[in-house]
Amino acid sequence: MKLLTLVFALLTTAALCPAAEPAVLWYRQPAAQWVEALPVGNGTLGAMVFGGAPDERIQFNEATLWAGEPRDYSRPGASAHLATLRQLLFDGKQKEAEALAMREFMSVPLRQMPYQPFADLRLHFPGHDAFTDYHRELNLDEAIARTSYQVGGVLFTREVMASRPDRLIVVRLTADRPGQLSFRATFDCLHKNHAVTVRAANELHLRGRVRDRHNQITITNPLAFAAHLLVRAEGGSVSGDNGQITVQNADAVTLLLAAATSFRNFRDVSGNPEPACARALQSARRKSWDRLRAAHLADHQALFRRVTLELGASAAPDLPTDERLRRAAHTDDPALAALVFQYGRYLLMGSSRPGGQPANLQGIWNDSLTPPWDSKYTCNINTEMNYWPAETANLAECHEPLFAALRELVISGRATARNHYAARGWVLHHNFDLWRGTAPINAANHGIWVTGGAWLCQHLWWHYEFSGDRAFLRRAYPIMREAALFFVDFLIEDPRHPQRWLISTPSNSPEQGGLVVGPTMDHQIIRDLFANVIEAATLLQVDADLRRQLATMHARLAPNQIGRHGQLQEWLEDKDDPHNKHRHVSHLWGVQPGAEINWRTPELFQAARQSLEFRGDEATGWSMGWKVNLWARFLDGDRAHRILRNLIKPAIPPGGGRAGAGLYPNLFDSHPPFQIDGNFGATAGIVEMLLQSHLREPDGSYLLHLLPALPAAWPEGSVTGLRARGGFEVDLAWRDGQLASATIRSTGGRTATLRLGETQKIIRLRPGQSMTWDGKAD
């Protein structure tokens, strides 16, 4: 076969593979609880659609509605206690060190602020109690939640979408007979300081302010919010009174919902949400439903349709999603795994789009004033996992809100670096919130962890690796550089070791073991940061002196070590417990998402695998998501598939009861409770099973490893549109567990090596060129 072919090979791949099952979640009954409702989102607004017949609840959020106010969380003077903390830890006085840190070294206040629900849009349909032929669905390809049922021989249909082009949540209500739509609309709001008023008969306004007390402290909390609902009826009548709007005998109705807050940026909340809502409604006021829907579909499908995945036929093709999920606990359903993969992409699109906030612990969806873990940004795994599929699953634009947050975290992180460590650069510990708190929070035994910002910098480098965008790298480099400067000042020599390794202390191995000297994860992350900064500076031809300094320090960082149980040590000391089943597997960072431990470093690779064996296959939802990725990196597709099946099972036991790890009926991941990172981890893990590109060849080019961890349970299938480092898109088709066809398209014009099993092939493609390969040596 020729090295290059300019024939576009999608038709070849399509001919080899059956069409994928429609990406639809569907149910035979309305949602009875929040984790059964269906999510829509446009990156700024999110909503959960319950699909009730007589009473519909559409619970909605806006990404900047948080408790709190602009503030500096760092503690001036904390650095005066740093040397004492370190000496206490060197002396083995961990409890004393943690007690001192709680008094003198923690964030002010001790905790950060929670993400908040906005309100509920409530619709009441008199006489719809006796409904039949009920159907509720979420079409991922359309990003529309749809409810239909019959009452008295009339078919009623309700469609809900979160339009990014029009910055609105749009609800379309129809009946198959004229004059049959009658209902009342109002807002419910959990915030005490709110008011609902009717404007111009067909417009409903909600105004409010977040409460003043959160996390046991009283705060000024100046953040204001507003929502405007415009009711457009076709036929019938519309009237408003007493905080609600009534529609009588309409043929069809379109509801336009706008929501905003006074948030301008993390240091300024002086905006006015009312004009923002009015502008959104004004621009859409005269657009038809068809026009609104067309713009929404064009925007959504431009991203969603980049990737297709077919893993085999469903074991239960005619069952609704909740029943299918229960069946999947006992019978493998490869098509459900493909649906979970696409659901993760859908959720990332819905919760993270340019100009908005990053996806938080619950994406953008939350119905509680006190959500689990405040629905913040937890940076010792969870925030990063949210973005693992952004590049590989062809949603690079969804990465941008995280990059925007990093630019702001540099500002607050400088104050924390200065006040807590007397260091240059910037630092982020294990959490941040809307106000970009970067200081250590909650408790010393897990809050003092210094590599959150360094880990997030990996995502900047990834975006460059996948895109080859030098202009982006020039913008990202100052963030990475300052993160590295912090560690130039922070790292110290280990006085106990004859080689005087450079170590990170005080810190911890999330979220166990307490405050320690030199956790393995820290050193892996810092090595990765230093290496990426060195390469970026070399590409940009800047900072020669810093490059040399970082290279010297990189070589002196405490290395990975193998312990007495054959495990990769989690700490400097050989104290790992082989019976420890903790959800965090922090010391395996160097396997994934890092890459320094791999099949080319066999001794460390085996030790890391032994550590993962010790941790077991059961864990929280996000932890199983991480383990899917790790087992894929260990090239064990069957083990990765086993963990994936442990994740794709009902979180709620049969007959009800307390939720465990797994998926809720709407396929939200359960920690428990709901935590969205497991959804993103599953999507990323499936990619890692099919394509890996984290390793480099000696000349610096990337190794594209095809089907590196394909499980026996997926003997045939196909995927199109995956992205690989070096600027490539990859389509794959396989039969009987063997590659049938691979199509590689270049977007960056690079050299790469294709690997399939033990077979390798070097390719060189100019931008826009493509080639096909059947996996055979030339």
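Residues numbered from 1 in each chain as written. Predicted model: local features only at pLDDT ≥ 70, side-chain atom pairs only at ≥ 80, totals over all residues. Heavy atoms only, no water.

**Section: the overall build of the protein chain**
Next, step 1: Tallying secondary structure elements over the protein chain gives 19 helices and 35 strands in all.
Next, step 2: In terms of C-alpha radius of gyration, the protein chain reaches 27 Å, essentially the compact-globule figure of 28 Å for 778 residues.
Next, step 3: Considered along the principal axes of its C-alpha atoms, the protein chain spans approximately 85 × 65 × 50 Å.
Next, step 4: Sorting the 778 residues of the protein chain into buried and exposed places 64% on the buried side. (Helix = DSSP H or I, 4+ residues; strand = E, 2+ residues; numbered from the N terminus. Rg over C-alpha atoms; globule rule 2.2 N^0.38 Å. Buried < 20%, exposed > 50% of the residue type's maximum accessible area, 1.4 Å probe, protein only.)

**With respect to the environment of Pro 506**
Next, step 1: Among the secondary structure elements, Pro 506 is positioned in the loop between β23 (502–503) and β24 (507–509).
Next, step 2: Expressed as a C-alpha distance, the spacing of Pro 506 and His 296, which sit 210 residues apart in the sequence, is 49 Å.
Next, step 3: Setting aside residues no more than four positions away along its own chain, Pro 506 makes contact with Leu 82, Leu 85, Arg 86, Leu 89, Ile 448, Val 450, Phe 490, Leu 515 and Val 516. (Contact = heavy atoms within 4.5 Å.)

**Looking at the sheet that holds strand β35 (residues 770–773)**
Next, step 1: Within the open sheet, the five strands sit side by side as β19-β30-β31-β32-β35. Their pairing is antiparallel. Taken across any chain shown, the strands that pair with only one partner, and hence form the sheet edges, are β19 (308–310) and β35. Taken over all neighbouring pairs, the strand axes of this sheet differ in orientation by 20° on average, direction set aside.
Next, step 2: Inspection of the sheet shows strand β30 (residues 717–724) paired to strand β31 (residues 728–735) by six bridges, in the antiparallel sense. Counted as the bridge partner of Arg 723 is Glu 729 from β31. (Pairing = 2+ DSSP bridges. Axes fitted to C-alpha atoms, helices over the stretch in contact; angles between N-to-C directions.)

**Some details on the pairing of strand β12 (residues 203–209)**
Next, step 1: Within β12, five of the seven residues are buried, which leaves it mostly tucked inside the rest of the structure.
Next, step 2: For strand β11 (residues 193–199) and β12, the ladder comprises seven bridges, and the chain directions are antiparallel. Counted as the bridge partner of Asn 193 is Arg 209 from β12.
Next, step 3: Counting the residues in the hairpin turn of β11 and β12 gives three residues, including Ala 200, whose phi is positive at 55°.
Next, step 4: As paired elements, β12 and strand β15 (residues 224–234) share seven bridges and run antiparallel to each other. Opposite Arg 207, over in β15, you have Ala 226 as the bridge partner.

**Comments concerning the pattern of salt bridges**
Next, step 1: By the definition in use, this model includes 50 salt bridges.
Next, step 2: Asp 268 is the partner of Arg 264 in a salt bridge, and the nearest nitrogen-oxygen pair spans 4.0 Å.
Next, step 3: Given the relative accessible area of 53%, Arg 264 is considered exposed.
Next, step 4: A salt bridge links Arg 414 to Glu 482; the nearest nitrogen and oxygen atoms lie 2.5 Å apart. With Arg 414 in helix α10 (residues 400–421) and Glu 482 in helix α13 (residues 470–490), this pair connects stretches of sequence that are 68 residues apart.
Next, step 5: In this structure Glu 482 comes out as buried when scored by relative accessible area, which is 17%. (Salt bridge = Lys/Arg side-chain N within 4 Å of Asp/Glu carboxyl O.)

**Here we look at the pairing of β30**
Next, step 1: Most of β30 sits inside the fold, with eight of its eight residues counted as buried.
Next, step 2: Pairing analysis gives three bridges linking β19 to β30, with the strands arranged antiparallel. Within the sheet, the bridge partner assigned to Leu 309 lies in β30 and is Val 719.
Next, step 3: Once β30 ends, the chain turns through three residues before running back antiparallel as β31, passing Gly 726 with a positive phi of about 100°.

**As for the packing of aromatic side chains**
Next, step 1: By the definition in use, this model includes 30 aromatic pairs.
Next, step 2: With 5.7 Å between their ring centres and 55° between their planes, Phe 131 and Tyr 134 make a pair best called tilted.
Next, step 3: According to the relative accessible area criterion, Tyr 134 is buried, its value standing at 11%.
Next, step 4: Both rings, one in Tyr 421 and one in Phe 490, keep their centres 5.3 Å apart while their planes meet at 90°; by these two values the pair is edge-to-face. With Tyr 421 in helix α10 and Phe 490 in helix α13, this pair connects stretches of sequence that are 69 residues apart.
Next, step 5: For Tyr 421, a relative accessible area of 5% gives the class buried.
Next, step 6: A relative accessible area of 2% places Phe 490 in the buried class. (Phe/Tyr/Trp six-rings, centres within 6.5 Å; stacked < 30°, edge-to-face > 60°.)

**Thoughts on the nonpolar core**
Next, step 1: Counting residues in each nonpolar core, the largest one holds 237 residues, and the members touching the most others are Phe 60, Leu 255, Tyr 421, Phe 487 and Ile 744.
Next, step 2: Filtering out sequence-adjacent residues up to four positions away, Ile 744 remains in contact with Leu 704, Phe 728, Glu 729, Val 730, Leu 754, Ile 763, Leu 765, Gln 769, Ser 770 and Met 771. (Core = buried A, V, L, I, M, F, W, Y, C linked by side-chain atoms within 4.5 Å.)

**Digging into the layout of surface pockets**
Next, step 1: Each pocket or cavity is described by its volume, and for the largest pocket that value is around 760 Å³.
Next, step 2: The set of elements that each furnish at least two residues to the lining of the largest pocket consists of β18 (252–261), α4 (273–284) and α10.
Next, step 3: Looking at the lining of the largest pocket residue by residue, the class counts come to 15 nonpolar, 11 polar and eight charged.
Next, step 4: Forming the walls of the second largest pocket are 23 residues, and the residues nearest its centre are Asp 528, Asn 532, Ala 595, Glu 596 and His 694.
Next, step 5: Only α12 (452–467) and α14 (520–540) provide two or more residues apiece to the lining of the second largest pocket. (1 Å grid on protein atoms, 1.4 Å probe; cavity = no way out; pocket = protein on both sides within 12 Å on 5 of 7 lines; lining within 4 Å. Points joined across faces, edges and corners; volume = space filled by probe spheres on them. Nonpolar A, V, L, I, M, F, W, Y, C, P; charged D, E, K, R; others polar.)

**Focus: the confidence of the model for the protein chain**
Where the model shows low pLDDT, its predicted coordinates should not be examined in detail.
Next, step 1: Confidence along the protein chain averages 95 in pLDDT terms, with 97% of residues attaining 70 or more.
Next, step 2: Counted against residues more than four places away or in other chains, residues 1–18, with its pLDDT under 50, gives 43 contacts. (pLDDT = per-residue confidence, 0-100.)

**With respect to the side chain of His 205**
Next, step 1: Inspection of the secondary structure assignment puts His 205 in strand β12.
Next, step 2: Polar side-chain contacts of His 205 include one of 2.9 Å to the side chain of Glu 203.
Next, step 3: Non-local contacts of His 205, meaning those with residues more than four positions away in its chain, are made with Phe 187, Ala 195, Val 196, Thr 197, Arg 199, Ala 227, His 228 and Glu 274. (Polar contact = N/O pair within 3.5 Å; in protein donor to acceptor, adjacent residues only side chain to side chain.)

**Here's the deal with the sheet that holds strand β34 (residues 759–764)**
Next, step 1: Read across the sheet, four strands follow the order β28-β29-β33-β34 without closing on themselves; strand pairing throughout is mixed. Looking along the sheet, the strands with just one partner apiece sit at the ends: β28 (691–692) and β34.
Next, step 2: Sheet topology note: the strand β33 (residues 751–756)/β34 ladder contains six bridges and is antiparallel. Looking at β34, one finds that Leu 756 is bridged to Thr 759.

**Quick notes on unusual backbone geometry**
As a rule of thumb, non-glycine residues mostly have phi less than zero, and peptide bonds are mostly trans rather than cis.
Next, step 1: The peptide bond linking Val 108 to Pro 109 adopts the cis configuration, its omega dihedral lying at -5°.
Next, step 2: Summarising the element assignment, Pro 109 is placed in the loop between α3 (94–104) and β5 (119–124).
Next, step 3: With an omega of 0°, the peptide bond between Thr 505 and Pro 506 qualifies as cis.
Next, step 4: Despite not being glycine, Leu 707 shows a phi value in the positive range, around 50°.
Next, step 5: Assignment of secondary structure puts Leu 707 in the loop between β29 (702–706) and β30.

**Some thoughts on α4**
Next, step 1: The terminal C-alpha atoms of α4 lie 17 Å apart, and with 12 residues this matches the ideal 16 Å at 1.5 Å per residue to within 8%.
Next, step 2: When we look at burial in α4, the residues that qualify are Pro 273, Glu 274, Cys 277, Ala 280, Leu 281 and Ala 284. Across the axial projection of α4, the buried residues extend over an arc of 135°, all falling on one side.
Next, step 3: Where α4 is buried, its residues contact β9 (168–175), β12, β15, β18 and α5 (289–304). (Expected span 1.5 Å × (residues − 1). Arc of directions from axis to C-beta.)

**Focus on the environment of Met 102**
Next, step 1: The residue Met 102 is located in helix α3 in this model.
Next, step 2: With relative accessibility at 36%, the residue Met 102 sits in the partly exposed group.
Next, step 3: Expressed as a C-alpha distance, the spacing of Met 102 and Ala 443, which sit 341 residues apart in the sequence, is 6.8 Å.
Next, step 4: Each residue touching Met 102, except ones within four places of it in the same chain, is listed here: Leu 110, Asn 442, Ala 443 and Ala 444.

**A closer look at helix α2 (residues 82–90)**
Next, step 1: Of the residues making up α2, those classed as buried are Leu 82, Leu 85, Arg 86, Leu 88, Leu 89 and Phe 90.
Next, step 2: Of the surrounding elements, those touching the buried residues of α2 are α3, α10, α13, β22 (492–493), β23 and β25 (512–516).
Next, step 3: Gly 92 sits one or two positions beyond α2 and adopts a positive phi of about 80°.

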